[in-house]
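Coordinate analysis (summary)
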Amino acid sequence: MSDLILERLLTWIDAAPSPYHAANNAANDLSKAGFERFSPVDAWGESDRIVVSWGGVVVAAAFSPEIDPDQLRFRLVGAHTDSPNLRIKPTPDLSNVGYQQLGVEVYGGALVNSWLDRDLGISGRVVVGDNASYETHLLKVDRPLLRVAQLAIHLDRDVNDGLKLDRQSHLVPIWGLGDTEEGAFRSFLAAELGVNDLDVLSWDIMCHDLTPSSSLGRNQEFYAAPRIDNLASCHAALEALMNVETVESNTISAVVLFDHEEIGSESSTGARGPMLSHALERLADTRAVSREQFLRALSRSACVSADGAHAVHPNYVDRHEPEHQVALNGGPVIKLNANVRYATDAESSALFQSACRSAGVPFQQYAHRSNLACGSTIGPITAAQLGVMVVDVGSPQLSMHSAREMAGASDPAYLTAALSTFLSDS
Ligand code: ZN
């Protein structure tokens, strides 16, 4: 069972190099599993299973067969579809000393060194059309196109004492020889999509490492993949929702996958906007729930914010809090921070612990070192937006924000089982 979940996760990650692919693939998977698919501009029907997706976002819900609006509550799992990477600029074509290169910008808190000397493909979305109308196409090119080549050690003898990379000049990928022509990247996109150059209006295109995700280790205890933060949580949340057979009475169990967590969540598709509260209100509305009943429902609700957690690193033990060392394959990590960089409190922690116990899954607790700045998640933002109890959890991993990360092979099944129990409200 756990091997099958890992196998599906690895395939899923490789199929989703951009948030747009992650969201679209999630919606396709859910609709194959019987969820009725809507767009945000549709009126959402009264079906017991619905999925709505746009851009890098997914909202999916499973309803109890009968809902008393006076007793309604939500069980929510939130995660994010975006990961740090290199994104192509709007006018990217560069010619430099006989090379053709593409201008890129760093998205999010990437470990930029991890993008060096990798064979890169591109993916994302392209808007095609004319003045009268346009449409958005997903694009994924999985053949080696680009490379950010490292400088040979002979030309920088001190490099191993501290690599410094200038984001403007040192991360520019090479993609050809000779002088580039104006509009070369636009023409490339047009040819890939089989449309005229002039019809390519704009794009959100990013680079991805082409090394396939795989198991790793002496006994395959680990797996290595790009975007484990946070596609591993997205995948577990989606599998959990598909596993839900019967939703506890008066409950709407929902998964929401946001975009733009890695840059602070401030966008129309990020957690800081009204997207989730609007979606929940619309879900409630399909069951004729009044505004007052909806607000009461929020105060009965709970949310798991699922995101990567830091496993203890054997080469950097001093970076970890000694009493909160988290193990790979040790089960989901409940993350606490006194200054609410994580949203967990005693009550939400107890709720998630009980879901783990019912699922027969081990769990761990994480606190950051008191003398290091702590990262954050969509958890505190969601708690502040909705006024809902939130617990921050996640699977342990190493190399967070690298182009290729590493995690424990058993943890995807553990997280999936714990989230399944939480969403079933049992
Ligand atoms: Zn994350």
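Residues numbered from 1 in each chain as written. Predicted model: local features only at pLDDT ≥ 70, side-chain atom pairs only at ≥ 80, totals over all residues. Heavy atoms only, no water.

Taken together, His80 (NE2), Asp229 (OD), Asp307 (OD) and Asp307 (OD) make up the protein donors of the zinc ion, found 1.9 to 2.8 Å from the metal. Of note is the zinc ion, whose 4 donor atoms meet at the metal with angles of 51 to 140 degrees in an arrangement that counts as irregular. In the primary structure, the donors to the zinc ion are separated according to the pattern H-x148-D-x77-D. One end of the pair, Asp229, is in helix α4 (residues 228-243); the other, Asp307, is in the loop between β14 (302-306) and β15 (309-310), with 78 residues separating them in the sequence. This pair shows no difference in class: Asp229 is buried, exactly as Asp307 is. (Donors = N, O, S within 2.8 Å, 3.2 Å for Na, K, Ca; no water. Tetrahedral: all angles 85-135°; square planar, octahedral: opposite > 155°, others 65-115°. Helix = DSSP H or I, 4+ residues; strand = E, 2+ residues; numbered from the N terminus. Buried < 20%, exposed > 50% of the residue type's maximum accessible area, 1.4 Å probe, protein only.)

Here strand β20 (residues 405-408) shows two buried faces, one formed by Glu405 and Ala407 and the other by Met406 and Gly408. Pairing of strand β12 (residues 222-225) with β20 involves 4 bridges; the strand directions are antiparallel. Across the sheet, Ala224 pairs through a bridge with Met406, a residue of β20. With 2 bridges joining them, strand β19 (residues 396-398) and β20 adopt antiparallel strand pairing. Note that in β20 the partner of Gln397 across the bridge is Ala407. Here β19 folds back onto β20 in antiparallel fashion, the turn holding 6 residues, of which Ser399 has a positive phi close to 60 degrees. (Pairing = 2+ DSSP bridges.)

By the assigned domains, the chain splits into domain 1 (2-83 + 226-424) and domain 2 (85-209). For domain 1 and domain 2, the distance between their C-alpha centres works out to 31 Å. On the domain 2 side, the residues contacting the 22 residues of domain 1 number 20 residues. Surface buried jointly by domain 1 and domain 2 totals about 1600 Å² across both partners, of which 60% is contributed by carbon and sulfur atoms. (Domains from an automatic or database assignment. Contact = heavy atoms within 4.5 Å. Buried area = accessible area lost by both parts, 1.4 Å probe.)

A few words on the pairing of strand β3 (residues 57-63). Burial runs high along β3: 7 of the 7 residues are buried. Here 6 bridges tie strand β2 (residues 49-54) to β3, and the two strands are oriented antiparallel to one another. Bridge assignment links Ser53 to a residue of β3, and that residue is Val58. Here β2 folds back onto β3 in antiparallel fashion, the turn holding 2 residues, of which Gly55 has a positive phi close to 50 degrees. As paired elements, β3 and strand β13 (residues 251-258) share 6 bridges and run antiparallel to each other.

Before going further, it helps to spend a moment on the pattern of salt bridges. The tally for this structure, following the rule as stated, stands at 11 salt bridges. Residues Arg147 and Asp117 are paired through a salt bridge, measuring 3.5 Å at the closest nitrogen-oxygen approach. One end of the pair, Arg147, is in the loop between β8 (134-146) and β9 (174-177); the other, Asp117, is in the loop between β6 (99-107) and β7 (120-129), with 30 residues separating them in the sequence. Between Arg118 and Asp209 there is a salt bridge; the shortest N-O distance is 2.8 Å. Of this pair, Arg118 sits in the loop between β6 and β7 while Asp209 sits in strand β10 (residues 200-209), placing them 91 residues apart in sequence. Judged by relative accessible area, Asp209 falls into the buried class, the value being 6%. Each member of the salt-bridge network shares a partner with another, and the members are Asp70, Glu292 and Arg296. (Salt bridge = Lys/Arg side-chain N within 4 Å of Asp/Glu carboxyl O.)

Before going further, it helps to examine the nonpolar core. A general trend in soluble globular proteins is that nonpolar side chains are found buried together. Of all hydrophobic cores here, the largest spans 50 residues; its most connected members are Val77, Tyr223, Val304, Phe352 and Leu419. The element best represented in this core is α4, accounting for 9 residues. With residues near it in sequence (within four places) discarded, Val304 still touches Leu76, Val77, Gly78, Phe352, Val391, Val393, Leu419 and Phe422. Ranked by size, the runner-up nonpolar core spans 34 residues in total, among them Trp44, Leu276, Phe294 and Ala297. (Core = buried A, V, L, I, M, F, W, Y, C linked by side-chain atoms within 4.5 Å.)

In this section: the environment of Tyr107. Position of Tyr107 among the secondary structure elements: in strand β6. Measuring from C-alpha to C-alpha, the distance between Tyr107 and Ser202 comes to 18 Å, with 95 residues separating the pair along the chain. Those residues within four positions of Tyr107 in sequence are excluded, and the remaining contacts are Asp82, Ser83, Pro84, Asn85, Arg87, Asp259, His260, Glu262 and Ile263.

Here 9 strands make up an open sheet; going across it, the order is β1-β2-β3-β13-β4-β14-β18-β16-β17 and the pairing mixed. Edge positions in the open sheet fall to β1 (36-38) and β17 (364-366), since each of these has one partner strand only. Each adjacent strand pair in this sheet contributes to an overall mean axis angle of 25 degrees, direction not counted. Judged from the 3 bridges that link them, β1 and β2 form a sheet pairing that is parallel. Bridging from a neighbouring strand, Arg37 pairs with Val51 of β2. (Axes fitted to C-alpha atoms, helices over the stretch in contact; angles between N-to-C directions.)

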